[in-house]
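# Architecture at a glance
What follows is each chain in one-letter form.
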Amino acid sequence: MQKLAVYDMDRTITVRGTYTPFLMHMVFARAPWRLIFLPLLPFGFFAYGLKLLSREGLKTYNQRLLLGAPKRDTIEPLIEAYAEKVLSGNAYAKAIEQVEADRQEGRRLVLATASYELYVEAIAKKLGFDDVIGTRLEVDNNGHVLPKIIGKNCYDEAKLDRIKAFLVEQDIDREDAH
């Protein structure tokens, strides 16, 4: 019997969402000049409200404006700093205690979230998670993180599909898992 503990991140482990604060952290830490694009953000939300943009479209629109396409290796230290920031000021103590209790019980810890794996992996590593299932971003041959989601935003049915695929990839039969 495989013992699993599958957690969501935003508003489960964290008090508040992490996506927009991640983008703002990156703007201030890396390229404050990108603040000139802030007045354009409401247009994305307006288009989303009118169903002209999907969640994926809105996320990539915001990323394009505020993050651009930085090289992954150049932003790693900023991602690590963001992970520390999240855990020091935006995490539920009870959730962290539960993660530790599940680890002590021998459960395999899986973090499944709509947030970008780009930064969630650093948070998950600090919390001792074994696996991360999140929204994946394309990285080009030169190591640039592109504002392009691979597959679907890991939300709702897409998240469930990714968890099911994870179980298959890991050769875990759902009937034999607890």
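All of the points below concern the structure found in this document. Everything numeric here is computed off the predicted structure, so don't read it as measured data. (Residues numbered from 1 in each chain as written. Predicted model: local features only at pLDDT ≥ 70, side-chain atom pairs only at ≥ 80, totals over all residues. Heavy atoms only, no water.)

## As for unusual backbone geometry
Threshold: Helix numbers and strand numbers start at the N terminus; a helix is a DSSP run of H or I with at least 4 residues, a strand a run of E with at least 2. Each residue is placed in one exposure class: buried if its accessible area under a 1.4 Å probe, protein chains only, is under 20% of its type's maximum, exposed if it is over 50%, and partly exposed if it falls in between.
Its identity is not glycine, yet Arg11 carries a phi of approximately 70 degrees, on the positive side. Among the secondary structure elements, Arg11 is positioned in the loop between strand 1 (4-7) and helix 1 (19-30). Notably, Asp171 is not glycine yet its phi reads approximately 55 degrees, a positive angle. Take Asp171: it is sitting in the segment after helix 7 (157-169). Accessibility expressed as a relative area gives 71% for Asp171, which makes it exposed.

## What about the packing of aromatic side chains?
The line we're drawing: A pair of Phe, Tyr and Trp rings is counted when the ring centres sit within 6.5 Å of each other, with Trp represented by its six-membered ring. The angle between the planes then sorts it: under 30 degrees is stacked, over 60 is edge-to-face, the rest tilted. By definition here, charges over rings are those cases where NZ of Lys or CZ of Arg is within 6 Å of the ring centre and within 35 degrees of the ring normal.
Following the criterion strictly, the structure yields six aromatic pairs and no others. Between Tyr7 and Phe129, the ring centres sit 5.7 Å apart and the planes meet at 90 degrees, which makes this aromatic pair edge-to-face. On the criterion of sequence distance, the pair formed by Tyr7 in strand 1 and Phe129 in the loop between helix 6 (117-127) and strand 3 (131-139) is long-range, its members being 122 residues apart. Exposure remark for Phe129: the relative accessible area of 9% places this residue in the buried category. Taking 6.0 Å as the distance between ring centres and 65 degrees as the angle between the ring planes, the aromatic pair formed by Trp33 and Phe37 counts as edge-to-face. The exposed category is assigned to Trp33, whose relative accessible area is 52%. On the basis of relative accessible area, Phe37 is assigned to the partly exposed category, the value being 22%. Taken together, the ring pairs in this structure connect Phe22, Tyr82 and Tyr119 into an aromatic cluster. Its end group placed over the ring of Tyr155, Arg55 keeps NZ or CZ at 3.7 Å from the ring centre. Across from the ring centre of Tyr19, 5.4 Å away, lies the NZ or CZ of Lys59, which sits over that ring.

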